[in-house]
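Descriptive analysis of the structure
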Amino acid sequence: MKLLEDVPSAVAHRPPPRRTRLTLGVAAVFLLVAAVAGVLLVASGGSDDTAADSDPRPSGTLTDWAAGVTDACTTVAAEQPIMAQGPEVRLDVANLAAVSAGTSALVAAVHDVPVPAEETEQAQAGATVTAGDQATQAWAALTDTSAEVTQDQITQAAELTAGFVAGMTQLGANCAPIG
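So, here's what we can say about the structure. (Residues numbered from 1 in each chain as written. Predicted model: local features only at pLDDT ≥ 70, side-chain atom pairs only at ≥ 80, totals over all residues. Heavy atoms only, no water.)

So, about the state of the cysteines. By definition, a disulfide is the covalent link that joins the sulfur atoms of two cysteine residues. Enumeration according to the criterion identifies one disulfide in this entry. Across the disulfide, cysteine 73 is cross-linked to cysteine 175 (sulfur-sulfur distance 2.1 Å). With the S-S bond torsion at 50 degrees, the cross-link from cysteine 73 to cysteine 175 turns out right-handed. On the criterion of sequence distance, the pair formed by cysteine 73 in helix H3 (residues 62–79) and cysteine 175 in the segment after helix H6 (151–170) is long-range, its members being 102 residues apart. For the residue pair cysteine 73 and cysteine 175, the accessibility class agrees, reading buried in each case. (Disulfide = S-S within 2.5 Å. Helix = DSSP H or I, 4+ residues; strand = E, 2+ residues; numbered from the N terminus. Buried < 20%, exposed > 50% of the residue type's maximum accessible area, 1.4 Å probe, protein only.)

Laid out in structure tokens, this is it:
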């Protein structure tokens, strides 16, 4: 006769079956969806709020904008002494990096000034800011190249910078410290 201890019980406690494939599958799908969403967000440039936060919101008048630009010109002339030395200094190839940095600083400072709220004045200020962006790009192209820079290229970049300063002056800013 067999003892009851030798007979296996009908109720055997076994651990639940593992669902590793299901868990890994769900995790993989989640990561794939997150990656696609991230790529789409980066490709679209993020939300509209980030673009609006890069430049100040429109406010005030053209006179207010010109006053802010005057302050920007004064500040940049003090921080970037090469910009206060006059337009002829911008033509010297030895000053290429310093003038590029000074022009970039001036354009960045002008970007920080809120454009006027009225659309016509906004367009005028925007056209001037665009001229500054072109000047910055011209100087950056000269400093980023490994090729020899010609005097004509420097003259063209200097003329773009002078046009930017003249545009700000025409709209009422006092950029006399820039030269």
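Before going further, it helps to examine helix H4 (residues 96–111). Given a rise of 1.5 Å per residue, 16 residues ought to cover 22 Å, and the 22 Å separating the end C-alpha atoms of H4 matches this to within 8%. Of the residues making up H4, those classed as buried are Leu96, Val99, Ser100, Gly102, Thr103, Leu106, Val107, Ala109 and Val110. On its buried face, H4 sits against H3, helix H5 (119–144) and H6. (Expected span 1.5 Å × (residues − 1). Contact = heavy atoms within 4.5 Å.)

Let's shift gears to a nonpolar patch on the surface. A grouping of Leu32, Val36 and Leu40 is seen on the molecular surface, where their side chains present a nonpolar patch of about 300 Å² in accessible area. With respect to the helices and strands, the residue valine 36 is situated in helix H1 (residues 20–44). For valine 36, a relative accessible area of 45% translates into the label partly exposed. (Patch = residues over 30% accessible without salt bridge, like charges linked within 9 Å, V, L, I, M, F, W, Y side chains within 5 Å. Areas by Shrake-Rupley, 256 points an atom, 1.4 Å probe, with all protein chains shown as cover. Salt bridge = Lys/Arg side-chain N within 4 Å of Asp/Glu carboxyl O.)

For the rest of this paragraph, the subject is the nonpolar core. One finds Trp65, Val69, Leu106, Met168 and Ile178 to be the most contacted residues of the largest nonpolar core, which totals 34 residues. Elements with a minimum of two residues in this core: H3, H4, H5 and H6. With eight residues, H3 is the single largest residue contributor to this core. Setting aside chain neighbours within four positions, we find valine 69 in contact with Val110, Val113, Met168, Ala173 and Cys175. (Core = buried A, V, L, I, M, F, W, Y, C linked by side-chain atoms within 4.5 Å.)

Now for the packing of H4 against H6. Where H4 contacts H6, the two axes come as close as 12 Å, and the packing angle between them is 30 degrees. By the angle between their axes, H4 is roughly parallel relative to H6. You can see that H4 and H6 cross each other, and the crossing is left-handed. From H4, Leu96, Thr103, Leu106, Val107 and Val110 reach across to H6, where they touch Ile154, Thr161, Phe164, Val165 and Met168. Residues that form the contact of H4 with H6 fall into these classes: eight nonpolar, two polar and no charged. (Axes fitted to C-alpha atoms, helices over the stretch in contact; angles between N-to-C directions. Parallel < 35°, antiparallel > 145°, perpendicular 65-115°, else oblique. Left-handed = near helix turned anticlockwise from the far one by under 90°. Nonpolar A, V, L, I, M, F, W, Y, C, P; charged D, E, K, R; others polar.)

Relative to the elements of secondary structure, threonine 161 occurs in helix H6. When neighbours within four sequence positions are excluded, threonine 161 is seen to be in contact with Met83, Arg90, Thr103, Ala135 and Trp139.

Bringing the environment of alanine 131 into the picture now. Assignment of secondary structure puts alanine 131 in helix H5. Take alanine 131: its relative accessible area is 21%, and that puts it in the partly exposed class. Remark: the alpha-carbon pair of alanine 131 and alanine 162, spanning 31 residues in sequence, is separated by 9.8 Å.

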